[in-house]
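The chain contents come next:
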Amino acid sequence: MPELPEVETMRSGLAAVVGRRIESVEVPRGRLRPIAMRPSARSLAARLKGCRIGGVERHGKRISILIDGLPGTQRRWLVIEPRMTGLLLVAEPPTAEHVRLRLRFSGRDRGELIFWDRRGLGTVRLLDAAGLERACGPESLGPDALAISPDALRERLGRSSREVKVALLDQRAVAGIGNLYAAEMLFVAGIDPRTRCCRMGRARWHRLHAAMQEVLAEAVRLEGSTLSDATYRTALNEPGRYQMRHRVYGRDGLPCGECGDQIRRIVQAQRSTFFCPRCQRRSRGAA
DNA sequence: CGTTCAACCTGGGCGC
DNA sequence: TGCGCCCAGGTTGAAC
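Residues numbered from 1 in each chain as written. Chains lettered and ligands numbered in written order. Predicted model: local features only at pLDDT ≥ 70, side-chain atom pairs only at ≥ 80, totals over all residues. Heavy atoms only, no water.

## Quick word on the sheet that holds strand S6 (residues 86–89)
Within a sheet, adjacent strands bond to each other through the backbone by hydrogen bonds, running parallel or antiparallel. Rule in force here: Here, any two strands with at least 2 DSSP bridges between them count as paired. Counting from the N terminus, the helices are DSSP H or I runs at least four residues long and the strands are E runs at least two residues long. Throughout, an axis means a line fitted to C-alpha atoms (over the contacting stretch in the case of helices), and angles, computed between N-to-C directions, take values from 0 to 180 degrees.
In spatial order, the strands read S1-S7-S8-S6; together these four strands make up an open sheet with antiparallel pairing. Each edge of the sheet is formed by a strand with only one pairing partner; in this case those strands are strand S1 (22–26) and S6. Mean inter-strand twist for the sheet, computed between neighbouring axes without regard to direction, equals 10°. Relative to strand S8 (residues 112–117), strand S7 (residues 99–105) runs antiparallel, the two being bridged by five bridges. By the bridge assignment, Arg104 is partnered in S8 with Glu112.

Okay, structure coming up:
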């Protein structure tokens, strides 16, 4: 479930291939249904060959790779959405079967960039500047969760009648948060995930913002969360280490590390939410 | 403005 | 051993 920390780890891992020239492009075909790729695999391969990797950026849970050296002066970006099980690797992938795109580099350094995706829900698109703006600009994504100010967070969500856990997953409001980290930051902030945004005062928004920064920064430092299904790996095909720090996610029925009460699982907007009913009471704190 | 539901996929875990 | 079923959750789009 690549969220901000996992995608940020992919981005920093990909810094190793910036400046390299693409010698060949491979889109393996197997028994699996091809993933969404625009333009077609064949055309993508033809256009990328001989180009250079100009840079790598993260936009919420998406990655853009600047492609230099296409004919003409216009720049293009390879925009990749890992969605549920997509990985960007500069090392051998977990299995050969689910490799969706492989760029081989030329020159002294050689090496490869691989997009691997077990479930195939991810997408790969080659976009021009306007397309990049549409896919990753403010009409699709709000401010990054690691860059937003406390007041901007409150400004963007504070009037909503939605439950705060559901609202945190809205990428147009704030970008990068998914199901796992939403649960973790609400626990750290001591906020009931069912609280309506418009019922939260300034103090609680600031507490949520502080928890957001703390949880995401620590998860980035530990290179994301590799769950028991072991899907997510770093760009070097190593597991993340933030799963050891999970306080509520995936822990229903287990005792809360703070108070010892049982952690509960509920469903909000068709997604699991994990929380501690005692540590995350609606009225906890001054509010 | 909002919610709900289905769809896209594969594979791990479970009950039988 | 194996089959059928449920579940994981990012994103989009339709229906209401």
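On we go from here.
## Section: the protein's contact with DNA strand B
Put simply, the rule reads: We call a residue near a given molecule or strand whenever any one of its heavy atoms falls within 4 Å of it. For this analysis, a polar contact is any N or O atom pair within 3.5 Å, provided that within protein one partner can donate a hydrogen and the other can accept it, and provided that sequence-adjacent residues contribute only side-chain to side-chain pairs. Note that Gly is not counted as nonpolar here; it falls among the polar residues with everything else outside the nonpolar set of Ala, Val, Leu, Ile, Met, Phe, Trp, Tyr, Cys and Pro and the charged set of Asp, Glu, Lys and Arg.
Around DNA strand B sit Arg31, Leu32, Arg33, Glu97, His98, Arg118, Arg119, Leu121, Ser160, Ser161, Arg162 and Gln270, and that is every residue in its neighbourhood. Between DNA strand B and the protein, one listed contact pairs a sugar or linking oxygen with a side-chain N or O atom of Arg118 at 3.0 Å. A distance of 3.0 Å separates a phosphate oxygen of DNA strand B from a polar side-chain atom of Gln270. Residue composition of the surface near DNA strand B, by class: two nonpolar, four polar and six charged.

## Let's talk about the side chain of Arg20
Rules: Accessible area is worked out with a 1.4 Å probe on protein chains only. A residue is then buried under 20% of its type maximum, exposed over 50%, and partly exposed in between. Contact criterion: two residues are considered in contact whenever any of their non-hydrogen atoms come within 4.5 Å of each other.
Of note, Arg20 is situated in the loop between helix H1 (4–14) and S1. With relative accessibility at 18%, the residue Arg20 sits in the buried group. Polar contacts involving the side chain of Arg20 include one to the main-chain carbonyl oxygen of Arg110, which spans 2.6 Å. Once you skip the residues sitting within four places of it in the chain, Arg20 turns out to touch Cys51, Arg52, Ile53, Phe105, Asp109, Arg110 and Gly111.

## Topic: the packing of aromatic side chains
Basically, it comes down to this: Each aromatic pair joins two rings of Phe, Tyr and Trp (for Trp, the six-membered one) with centres within 6.5 Å, and gets the label stacked for planes under 30 degrees apart, edge-to-face for over 60, and tilted for any other angle.
This structure, assessed with the given rule, holds two aromatic pairs. Judged by centre distance (5.7 Å) and plane angle (40°), the ring pair of Tyr181 and Tyr242 falls under tilted. In this pair, Tyr181 sits in helix H6 (residues 179–189) while Tyr242 sits in the loop between helix H7 (202–221) and strand S10 (264–268), placing the two residues 61 residues apart along the sequence. Tyr242 shares its class with Tyr181; the two are buried. Pairing Tyr249 with Phe274 gives two aromatic rings, centres 5.2 Å apart and planes at 70°, and the pair type is edge-to-face. Taken together, the positions of Tyr249 in the loop between H7 and S10 and Phe274 in strand S11 (residues 271–275) put the pair 25 residues apart, joining distant regions of the chain. Note on Tyr249: relative accessible area 18%, which makes it buried. In this structure Phe274 comes out as buried when scored by relative accessible area, which is 7%.

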